[in-house]
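# Structural description and commentary
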Amino acid sequence: MQKHLRLYFITALLLLSATVLFGMLASWAFLYPETYNQYMPFYQLRPFHVSAALFWIISGATSCILLFKKESLAGSSSVVLEQLFIYTWIGTIIAIFVCYGLKKFGGREYWEFPPVLGLPLLVSWLLLMGAYFIPLLKTKGNKPMYVWMWTTGMFFFLVTFIEQNLWLVPWFRQSYLRELTIQWKANGATVGAWNQMIYGTSLYLMVKISGDVTKAQGKTVFFFYMLGLSNLMFNWGHHIYNAPSASWIRDTSYIISMTEWLFLIRMLQGFRSTLEEGRKLKHLITYRFLIASEFWVFVNLLLTLAMSVPAINRYTHGTHITVAHSMGATIGINTMILLAGFSYILEIDQKSERIRKTIIANFWLCQVSLVAFWITLIAAGIIKGYRTTALNLTSFQEIMMPVMPALKAFSIAGIGVVISLVIISVVYIRQAIRFKEA
Ligand code: HEM
C-alpha cells in the first residue's frame with residue numbers, strides 16, 4: 001500500500017472511532033445536560049458525531065475505491081492527484097472539527113461547518129475525480145458493474161454536494177420552503193450516491209471471494225445498477241416529508257427505495273448460496289461483515305416498510321424511529337460493508353489466530369449491541385410518538401418522561417457498539433501500519 005493511501009485508509013478508521021466516541025458523548029449530553037452544558041453541549045457534540053459519521057462513510061468508500069481501482073482499471077493512476085486529494089480532504093476535515101470545537105457553525109443539517117469550507121471539499125472531490133477518471137478513460141472494453149457503480153456514485157456525489165450548497169445563492173433562500181426542499185432532497189440523494197460507491201464495493205467483494213466474475217456481469221446485475229440509479233435520483237421523496245408535496249412523489253420514492261434493498265438482499269443471498277465452503281473459510285471475516293449487512297438490510301427494510309404506512313408514519317415522524325432508521329442503515333449496512341472491504345484489503349483472514357479471534361469476538365459484540373441499540377431507539381420513538389400524537393401532550397418534559405429510560409438503555413447499548421468498533425479500528429490501523437503488499 002502506497003504511503004498516501006495508507007494515510008487515507010488510517011484516517012478513515014480514525015474517523016470511525018471518532019464517530020462512535022462523539023456519538024456516545026452526544027447521547028450522554030442529551031441525557032445529562034446539566035453536566036455536559038458546561039463543557040460540550042449536545043448541540044456541539046451532535047455535529048461532531050454526524051459529520052464524523054458522514055466523513056467516515058465517504059472516506060471509507062473512497063479508500064476502498066482507490067485501492068481496488070488499481071486492479072480494476074488498466075490505466076495507471078495519477079499519484080499526484082491522489083495525494084493532492086488526500087491532503088486537501090484530510091486538511092479540510094481537521095479545519096471542520098476545529099470550527100466545531102470553537103463553536104463556529106453556519107452550514108446546514110449534517111454539514112454544519114462554516115460554508116466557506118465547502119470550497120476546499122469541492123476542490124478535493126474534483127481532484128479525486130481526476131485521479132479516478134483518468135485511468136478509467138484509459139481502460140478499454142466492457143467494465144464490470146462495480147466500476148459503473150463507483151463511477152456513478154462519485155459523479156453524483158459531486159452533483160448532490162453542489163445542490164447541498166445552493167442555499168448560498170440568495171434566490172434559494174428567498175423562500176424557506178424552497179431552501180428546505182432542496183436541502184433535504186440533496187441530503188437524500190447524497191445517501192444514494194454513497195450507496196452506489198458502497199454497494200459497488202460489496203459487489204466487488206462478492207466477485208473476489210467467489211472467484212466468479214460473472215457476478216458483476218449480465219442482466220440481473222445491470223437491473224440492480226439501474227435500480228440503484230433510480231434510487232439515487234428519486235428516493236429523496238421520503239426525505240421531504242415535512243414539505244408539502246404530491247402523494248405520488250412520496251409513494252414512488254418509497255417503492256423505489258424498498259426495491260433497491262430487496263434486490264441487494266437477493267444478490268447477497270445468491271452469493272451466499274452459491275459460495276463454495278473453501279472460499280468462504282478463506283475469507284471468513286470479510287464474508288461475515290458482508291453477510292451482517294444482509295441482516296441489517298432486512299431489518300431496516302421491515303422498519304422502513306412500517307414507517308411508510310401513513311397511519312404509522314403519523315406517530316413515527318420526527319421521533320427517534322427516524323434516527324433508528326438512519327443509524328440502522330449507516331452502521332448496519334454501510335459500516336459493515338466498508339469493514340468487509342477493509343478486512344479484504346488488509347487480508348485479515350490470513351493474520352494470526354489472536355487477531356482473527358479479536359475481530360470475530362468484537363464483530364459479535366457489535367451485532368448484539370447494535371440490535372439492542374436499534375430496538376431501544378425504536379422503543380423511545382414509539383413512546384414519544386404515542387404521547388405526542390395519540391395523547392396530544394405538548395409539554396416537552398411531560399412527553400419525554402417515559403422516553404428517558406429507553407434513551408438510557410440506548411446509551412448503555414451504544415457502549416457495546418463503541419467498544420467493538422474502536423477495537424476493530426485499532427487492530428486495523430495497526431495492521432495497516434505493518435501492511436506489506438505481496
Ligand atoms: C459507525 C457508527 C455510527 C454512525 C455511522 C452513526 C450515524 C449517525 C447519523 C447519520 C445520525 C443522524 C441521524 C438523523 O439525523 O436522523 C446520528 C445521530 C446520533 N447518533 Fe449516531 N452513529 C453511529 C454510532 C453511534 C453511537 C455508538 C452512539 C451512542 C452511543 C450514537 C449516538 C447518536 C446520537 C445521540 C445521535 C443524535 C440523535 C438525535 O439528534 O436525536 N451514534 N448518528
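The coordinates are above.
Predicted model only: the values in this text are computed from it and were never measured. (Residues numbered from 1 in each chain as written. Predicted model: local features only at pLDDT ≥ 70, side-chain atom pairs only at ≥ 80, totals over all residues.)

Glancing now at the overall build of the chain. The helix and strand tally for the chain stands at 17 helices and zero strands. The globule rule puts the C-alpha radius of gyration for 438 residues at 22 Å, and the 21 Å found for the chain is close to it. Out of the 438 residues in the chain, the part that is buried amounts to 43%. Contacts in the chain between residues at least 24 apart in sequence constitute 79% of all its contacts with a sequence separation of at least 6. (Helix = DSSP H or I, 4+ residues; strand = E, 2+ residues; numbered from the N terminus. Rg over C-alpha atoms; globule rule 2.2 N^0.38 Å. Buried ≥ 20, exposed ≤ 12 C-beta atoms within 10 Å, placed from the backbone. Contact = placed C-beta atoms within 7 Å.)

Taken together, 24 residues form the shell around the ligand, and within it Gly23, Ala53, Ser326, Thr330 and Gly414 come nearest. Breaking the shell around the ligand down by element, the ones donating at least two residues are α1 (3-31), α3 (42-72), α14 (320-346) and α17 (403-434). Take the shell around the ligand: its biggest share by element is eight residues, from α1. (Near = placed C-beta within 6 Å.)

With 38 residues, helix α15 (residues 353-390) should reach 56 Å at 1.5 Å per residue; the first-to-last C-alpha distance of 54 Å fits that figure. Looking one or two residues past α15, Asn392 carries a phi angle of roughly 55°, positive in sign. (Expected span 1.5 Å × (residues − 1).)

If you look at the biggest cluster of nonpolar residues, it comprises 121 residues, and the most contacted ones within it are Ala61, Trp194 and Leu203. Considering each element in turn, this core owes the most residues, 15 residues, to α14. Contact partners of Leu203, with chain neighbours within four places excluded, come to Met145, Tyr146, Met149, Lys215 and Ala216. (Core = buried A, V, L, I, M, F, W, Y, C linked by C-beta atoms within 7 Å.)

Time to look at α14. Here α14 is 27 residues long and its end C-alpha atoms lie 36 Å apart, about the 39 Å a rise of 1.5 Å per residue gives. At Thr335, α14 shows its largest bend, some 30°. In terms of burial, α14 is largely enclosed, as 23 of its 27 residues are buried. Just downstream of α14 lies Glu347, where phi reads positive at about 55°. (Bend = angle between axes of the 7 residues up to and from the residue.)

Attention shifts here to the packing of α15 against α17. Where α15 contacts α17, the axes come no closer than 7 Å and their chain directions differ by 155°. Viewed along their axes, α15 and α17 adopt a mutual orientation that is roughly antiparallel. Judged by the sense of rotation from one axis to the other, the crossing of α15 with α17 is left-handed. Considered class by class, the residues forming the contact of α15 with α17 number 24 nonpolar, seven polar and one charged. (Axes fitted to C-alpha atoms, helices over the stretch in contact; angles between N-to-C directions. Parallel < 35°, antiparallel > 145°, perpendicular 65-115°, else oblique. Left-handed = near helix turned anticlockwise from the far one by under 90°. Nonpolar A, V, L, I, M, F, W, Y, C, P; charged D, E, K, R; others polar.)

Tracing the sequence through the fold places Ala193 in helix α8 (residues 176-210). Take Ala193: there are 23 C-beta atoms within 10 Å of it, and that puts it in the buried class. Residue contacts for Ala193: discarding those within four places in its chain leaves Gly153, Phe156, Phe157, Thr160 and Leu232.

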